[in-house]
Amino acid sequence: MTVRTLATVRTLATVLLVAVPAAALAACGGGGPSASAGAPIPVVATTTIHADIVARIGGDRVSVSSIVPKGGEVHTFDPSPQDVARVAAARLIVANGLGLDDWLAGLARDAGTTAPIVSLGDAVPADELILEEGVPNPHAWLDPHLAATYGRATAEALGRIDPANGAAYTANADSFAAEMTALADELQATFEAIPAEDRKVVSFHDAMPYFARAFDLEIVGVIVSAPGQDPSAGELAALVDAIRASGARVILSEIQFSDELARTIAAETGAKVVSDLYTDSLGDPPVDTYPGMLRYDVDRIVAALR
């Protein structure tokens with residue numbers, strides 16, 4: 001968490017500790033605030049994608065909200081007083097982990113909650129993580145097979161705070177895993193319309209390696225090393241050279257970022273730009289669910305690669 005974000009969270013926490021009733025902050029056996037009998041379990045997730053997975057596993061036994069709104073940017077997000085209040089009232093807090101949303105731990109700590117935090121990315125087997133200079137890339141959910149792992153980790157977390165319904169959560173996770181297997185097969189079949197040697201792309205930021213591995217794409221390069229860090233002139237020139245040398249024909253950008261740099265590079269190379277992909281967030285229909293988001297992205301990418 002940056003110094004500015006940490007200061008923001010502490011200020012918001014101070015405000016909320018005054019404004020939020022004490023009952024909303026009361027912990028119950030290490031599991032956050034107590035819940036009324038039969039009431040859905042309040043869960044807070046980092047992003048809309050994680051919230052959708054929680055909703056699929058928890059069903060009507062949970063009430064889940066996302067801290068980062070749809071279309072928001074998880075890497076650079078600053079919480080609001082309302083976010084602090086929701087975290088304070090949650091019985092379970094769901095993060096991605098793997099360095100994506102480390103700010104959530106500080107937000108939970110300063111909100112005064114004792115609700116457990118589960119980092120779904122930590123459930124991904126070590127040999128399936130993609131490392132960059134020894135650090136795991138956090139965007140594992142973009143491989144539907146690994147999204148199934150997120151579902152199982154969610155079921156385990158819900159079962160720990162609601163053991164009476166543990167079998168139901170496990171059954172839902174099994175159904176979700178089967179859905180993800182079918183989804184992966186469906187999307188792979190969609191990509192088969194594109195010859196393997198033509199599946200070369202550039203991504204705006206380093207969000208796509210798990211997706212690329214799952215669907216046999218080659219990522220020739222990325223425009224920015226991290227959101228908020230513009231490339232130097234030399235880095236842009238090197239990327240242009242890499243695109244020309246590889247024959248990559250498509251630049252992938254995402255809805256939450258400006259596509260100005262992508263279009264500048266496209267003008268130099270003749271590549272097409274897909275500027276409305278969803279990777280870190282859901283949106284309006286048809287991208288309001290995790291499977292809908294992946295289908296939308298694949299359709300847009302395949303159309304550009306044709």
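Residues numbered from 1 in each chain as written. Predicted model: local features only at pLDDT ≥ 70, side-chain atom pairs only at ≥ 80, totals over all residues. Heavy atoms only, no water.

What follows covers the packing of aromatic side chains. In this structure the tally under the stated criterion is six aromatic pairs. Relative to Y296, the ring of Y278 lies with its centre 5.9 Å away and its plane at 75°, an arrangement referred to as edge-to-face. Here Y296 lies in helix α11 (residues 290-305) and Y278 lies in the loop between β10 (272-277) and α11, a separation of 18 residues in the sequence. Neither residue differs from the other here; Y278 and Y296 are each classed as buried. Members of the aromatic cluster, connected to one another through ring pairs, are F191, F211 and F215. (Phe/Tyr/Trp six-rings, centres within 6.5 Å; stacked < 30°, edge-to-face > 60°. Helix = DSSP H or I, 4+ residues; strand = E, 2+ residues; numbered from the N terminus. Buried < 20%, exposed > 50% of the residue type's maximum accessible area, 1.4 Å probe, protein only.)

Compared with an ideal rise of 1.5 Å per residue, which puts 26 residues at 38 Å, helix α7 (residues 166-191) spans 37 Å between its outermost C-alpha atoms and is within 8% of the ideal. Within α7, the full set of buried residues consists of G166, Y169, A173, F176, A177, M180, L183, A184, L187, Q188 and F191. Of the surrounding secondary structure, the elements contacted by the buried residues of α7 are β1 (41-45), α3 (48-58), α6 (144-161), α8 (209-215) and α11. (Expected span 1.5 Å × (residues − 1). Contact = heavy atoms within 4.5 Å.)

Among the nonpolar cores identified, the biggest contains 79 residues, and F191, F211 and I301 are the most heavily contacted of them. Filtering out sequence-adjacent residues up to four positions away, F191 remains in contact with R199, F211, F215, L217, V298, I301, V302 and L305. Residues I223, V224, F257 and A266 belong to the second largest nonpolar core, which totals 15 residues. (Core = buried A, V, L, I, M, F, W, Y, C linked by side-chain atoms within 4.5 Å.)

This part takes up the environment of M180. Locating M180 in the fold gives a position in helix α7. Accessibility expressed as a relative area gives 0% for M180, which makes it buried. For the pair M180 and G151, spaced 29 residues apart in sequence, the C-alpha separation works out to 9.9 Å. Residue contacts for M180: discarding those within four places in its chain leaves P144, A147, A148, Y290 and P291.

What follows covers the pattern of salt bridges. Going through the model one piece at a time under the given rule, you end up with nine salt bridges. We note a salt bridge from D83 to R86, for which the minimum N-O separation is 2.6 Å. Of the two residues, D83 and R86 both sit in helix α4 (residues 81-89), three residues apart, roughly one turn of that helix. Between D174 and R152 there is a salt bridge, and its shortest N-O distance comes to 2.6 Å. With D174 in helix α7 and R152 in helix α6, this pair connects stretches of sequence that are 22 residues apart. When salt bridges that share partners are traced, they join D52, R56 and E179 into one network. (Salt bridge = Lys/Arg side-chain N within 4 Å of Asp/Glu carboxyl O.)

Next up on the list: the sheet that holds strand β8 (residues 218-222). Read across the sheet, four strands follow the order β8-β7-β9-β10 without closing on themselves; strand pairing throughout is parallel. The open sheet has two free edges, formed respectively by β8 and β10, since each of these has just one partner strand. Taken pair by pair, the neighbouring strands of this sheet meet at an average axis angle of 30°, ignoring direction. Here strand β7 (residues 200-203) runs beside strand β9 (residues 250-254); their pairing, made up of three bridges, is parallel. Bridging from a neighbouring strand, S203 pairs with L252 of β9. Most of the contacts of α11 go to β10, to which it runs at about 170°, and overall it touches β7, β9 and β10. (Pairing = 2+ DSSP bridges. Axes fitted to C-alpha atoms, helices over the stretch in contact; angles between N-to-C directions.)

On to the packing of α3 against α6. Running from amino to carboxyl end, α3 crosses α6 at an angle of 60°, the nearest separation of the two axes being 9 Å. Classified by the angle their axes make, α3 and α6 are oblique. In terms of crossing hand, the pair formed by α3 and α6 is right-handed. Only Y150, G151, T154, A155 and L158 of α6 make contact with α3, whose side of the interface consists of H50, I53, V54, I57 and G58. Split by residue class, the contact of α3 with α6 holds six nonpolar, four polar and no charged. (Parallel < 35°, antiparallel > 145°, perpendicular 65-115°, else oblique. Left-handed = near helix turned anticlockwise from the far one by under 90°. Nonpolar A, V, L, I, M, F, W, Y, C, P; charged D, E, K, R; others polar.)

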